Amino acid sequence: MAVCARLCGVGQSRRCRRRQRHNQQDQGSDSDMDEEEEERIVGQRQGDVGGGGGGPESGVATAGPSDACEYGSSHVNRGGSLDCTSTGPPHPQSLSELPPELLVEIFSLLPGTALPNVALVCKKFRQILNTETIWRRRCMEEFGMKDDLRKMEVGGVSSRDLYVKRVNPRVKSGRFMKLLPDYEHMDYRDVYTHLLHPYRHILGLWQPDIGPYGGLLNVVVDGLFIIGWMYLPPHDPRVEDPMRRRPLFRIHMWESKKATVECMYGHKGPHKGDIQTVKKDEFSTKCNQTDHHRMPGGRQEEFRTWLEEEWGRTLEEIFHEHMQELILMKFIYTSQYDNCLTYRRIYLPPVRPSDLLAPGLFKGTYGSHGLEIVMLSFNGTYARATKLTGDPNVPAGQLTLNVDLNRPVVLPDLEHQRNIEELSRLVLGVHEEVQREDPQQARDTSATVRGAAEGACGGTSAAAAAAAAAAAAEAEEEEADHAASSDGCEPGPSSSSSCPPEAQPFVLPLGVMARNEVYPRTCRKCFYGTGLIAGHGFTSPERTPGLFVLFDEDRFGFIWLELKSFSLYSRLTDHLAHAHAPNMERFEAMLCNMQSWTS
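What counts as what
Residues numbered from 1 in each chain as written. Predicted model: local features only at pLDDT ≥ 70, side-chain atom pairs only at ≥ 80, totals over all residues. Heavy atoms only, no water. Pairing = 2+ DSSP bridges. Helix = DSSP H or I, 4+ residues; strand = E, 2+ residues; numbered from the N terminus. Axes fitted to C-alpha atoms, helices over the stretch in contact; angles between N-to-C directions. Contact = heavy atoms within 4.5 Å. Core = buried A, V, L, I, M, F, W, Y, C linked by side-chain atoms within 4.5 Å. Buried < 20%, exposed > 50% of the residue type's maximum accessible area, 1.4 Å probe, protein only. Parallel < 35°, antiparallel > 145°, perpendicular 65-115°, else oblique. Left-handed = near helix turned anticlockwise from the far one by under 90°. Nonpolar A, V, L, I, M, F, W, Y, C, P; charged D, E, K, R; others polar. Phe/Tyr/Trp six-rings, centres within 6.5 Å; stacked < 30°, edge-to-face > 60°. Polar contact = N/O pair within 3.5 Å; in protein donor to acceptor, adjacent residues only side chain to side chain. pLDDT = per-residue confidence, 0-100. Salt bridge = Lys/Arg side-chain N within 4 Å of Asp/Glu carboxyl O.

Draft legend 1. Just the sheet that holds strand β15 (residues 382–387), in detail. The eight strands are arranged β13-β14-β15-β16-β19-β20-β21-β22 in a closed barrel whose pairing can be described as antiparallel. If you compare each strand with its neighbour and ignore which way they point, the axes differ by 30 degrees on average. Summarising the sheet, strand β16 (residues 399–408) and strand β19 (residues 525–535) pair through four bridges and their orientation is antiparallel. Its bridge partner lying in β19, Val403 is registered against Gly529. Strands β16, β19, β20 (539–552) and β21 (555–560) of the sheet are contacted by helix α14 (residues 420–437), whose axis makes an angle of about 120 degrees with β20.

Draft legend 2. Representation of the nonpolar core. Grouped together as the largest cluster of nonpolar side chains are 44 residues, with contacts concentrated most on Phe107, Leu196, Ile202, Ile226, Phe249 and Ile251. Looking at this core, the element that brings in the most residues is helix α10 (residues 188–196), giving five residues. In this structure, Phe249 is in contact with Ile202, Leu217, Val219, Ile226, Ile227, Gly228, Glu262, Met264, Ile275, Phe283 and Thr285, ignoring residues within four places of it in sequence. Counting 25 residues, the second largest nonpolar core, distinct from the first, contains Val409, Val430, Ala514 and Leu561.

Draft legend 3. Looking closely at the packing of helix α5 (residues 100–108) against helix α8 (residues 132–143). In contact at an axis separation of 9 Å, α5 and α8 are set at 20 degrees when each is read in the N-to-C sense. In terms of orientation, α5 lies roughly parallel with respect to α8. In this structure, the crossing between α5 and α8 has a hand that is right-handed. Residues Val104, Glu105, Phe107 and Ser108 of α5 lie in contact with α8, whose contacting residues are Thr133, Ile134, Arg137 and Arg138. Residue composition of the contact of α5 with α8, by class: three nonpolar, two polar and three charged.

Draft legend 4. Representation of the packing of aromatic side chains in the model. If you walk through the whole model with that rule in mind, you get 20 aromatic pairs. A centroid spacing of 5.5 Å and a plane angle of 70 degrees characterise the contact between Phe506 and Phe551, whose relative ring orientation is edge-to-face. Of the two residues, Phe506 is situated in the loop between β17 (504–505) and β18 (522–523) and Phe551 in strand β20; the sequence distance between them amounts to 45 residues. Given a relative accessible area of 3%, Phe506 falls into the buried group. On the basis of relative accessible area, Phe551 is assigned to the buried category, the value being 5%.

Draft legend 5. The arrangement of the side chain of Lys387 in detail. For Lys387, the position within the fold is in strand β15. By relative accessible area, Lys387 is classed as buried at 1%. A distance of 2.9 Å separates a polar atom in the side chain of Lys387 from a polar atom in the side chain of Glu372. The residues touching Lys387, leaving out its near neighbours within four places in the chain, are Gln207, Tyr366, Glu372, Ile373, Val374, Val394, Pro395, Ala396, Gly397, Gln398, Thr400 and Met594.

Draft legend 6. Structural view of the confidence of the model for the chain. Residues at a pLDDT of 70 or more form 67% of the chain, whose mean pLDDT is 74. Across residues 445–500 the pLDDT falls below 50, and counting only partners more than four positions away or on other chains, this stretch makes 57 contacts in the model.

Draft legend 7. How the structure looks around the pattern of salt bridges. According to the stated counting rule, one finds 27 salt bridges in the structure shown. In this structure, the salt-bridge partner of Arg137 is Glu105, at a minimum N-O distance of 3.2 Å. Residue Arg137 is located in helix α8, and its partner Glu105 is located in helix α5; the two are separated by 32 residues in the primary sequence. Taking relative accessible area as the criterion, Arg137 reaches 22% and is therefore assigned partly exposed. Residue class for Glu105 comes out partly exposed when judged on its relative accessible area of 29%.

Draft legend 8. Just unusual backbone geometry, in detail. Unusually for a residue other than glycine, Asp281 sits at a positive phi of about 60 degrees. Within the element layout of this structure, Asp281 appears in the loop between β10 (271–279) and β11 (282–287). Backbone geometry places Phe538, a non-glycine residue, at a positive phi of 55 degrees. Position of Phe538 among the secondary structure elements: in the loop between β19 and β20.

Given below as structure tokens:
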């Protein structure tokens, strides 16, 4: 209350100003005003700021010399000129005495969540907070809204959703009219208060709980819409093509004081839906009109449409019988949800200078399962690829690749690279060395993946740590000798970008399946790693040795020696707002919890 009294100019400060005005009136000053007159001018200036001088087109007005004269003390000289250096306080005695233009600038810097409390301070502050400039800035800085509300184009909708046919019942005909929100009766404060702020917790990346298949949802602000885009990999095997997107829901304002949730699933256009916050970092969607998901031709037509969207081909074009079974199984499993799903938050890993390459999201090839999305992150001297989308064998959330960056592999010449036995000899030699140095890791590798998952979450023994340190020192010494004979640069994941590693020729061994991927013919580095394989239903999971191949900043590969197959991974380059983890601890906790979602 004391702060509010000081801001409003009541209590002792008001009596001081009243005595001061009385003294100034005795001296002939004519620039002071009573409280009613001050409120009248504040209202006028607030209108000027919101409309003419401080509207969205012209930006925030700044105070000039005239403002100092108007809100300070002044004298009129004999010649009729205004003297601003006369008696009176040189500075305002409280925040409420500042010019409205300055208050608008100050309030624009405050977070939107604090502005309702500011409005409770006094009537003047409440009037100034009606200024559009303040709320426009909050919408832009907090939620990335860049478009002008008065000139905004509707995003995230098709042309079919924007038009409705107005039929004249007399002649049974009509014309199509554009269906748009009533922008003229909206303002940035309504958009912030009724759309952006209430749904701010669902912005960012999420993983849907769709059994082993998982997925990747990106919730973004698009004009006057909040849209949930499901990210789909490009059609196999074009791994380097951009991601595809499909809207699952949208939240928008058709009325100035109300936000509406709509389900976008199916092929009959948007219809009624609902969103509920289950708990922190978790929410669920519900469709209230699932009949809009059905098609006239029944399940067969729905399957053909889904297959064309998901795989870009017809069932007749897929000759592999096992792949046909997998595709049909996925359609039956995923279509039963009818867009009534639960989502859990996903964070992008923080970037550190010691990382081998920038962590992030990659799309990779997984044989008959098609393309899947993984998250590449780093934990100490290990690179980890965690599945965001999965399959019935290895579900989403599992650690698909675990690469030991302290165990580089020097490739032989091209002639020996083509020999699968030669490459296997090199990698299995490192694998046997790991088993000798760390028996615990050997048991985890040959039997189950649970120990590896616990290790990824931070659980390592003292003996394992000592063995890893010894192996690291030996590997660094060995690679230092190799680097000295090439370009003299310091090797390892923490190498300086000013001294890039020399590219070396690379070719896949004969007999390794690559599903027609066009992979680079040179690579930077190769490391020993393990890949996770399992039977259908995630039975008998096992980590099998393989070779991690770093091509460049945006591409890497993995040779599965036991399966004699090759996976190529390409970076997802989309800009993902509201997705980065606040710190490494939060990211590690999310990564550990992700494995329990689908286990």
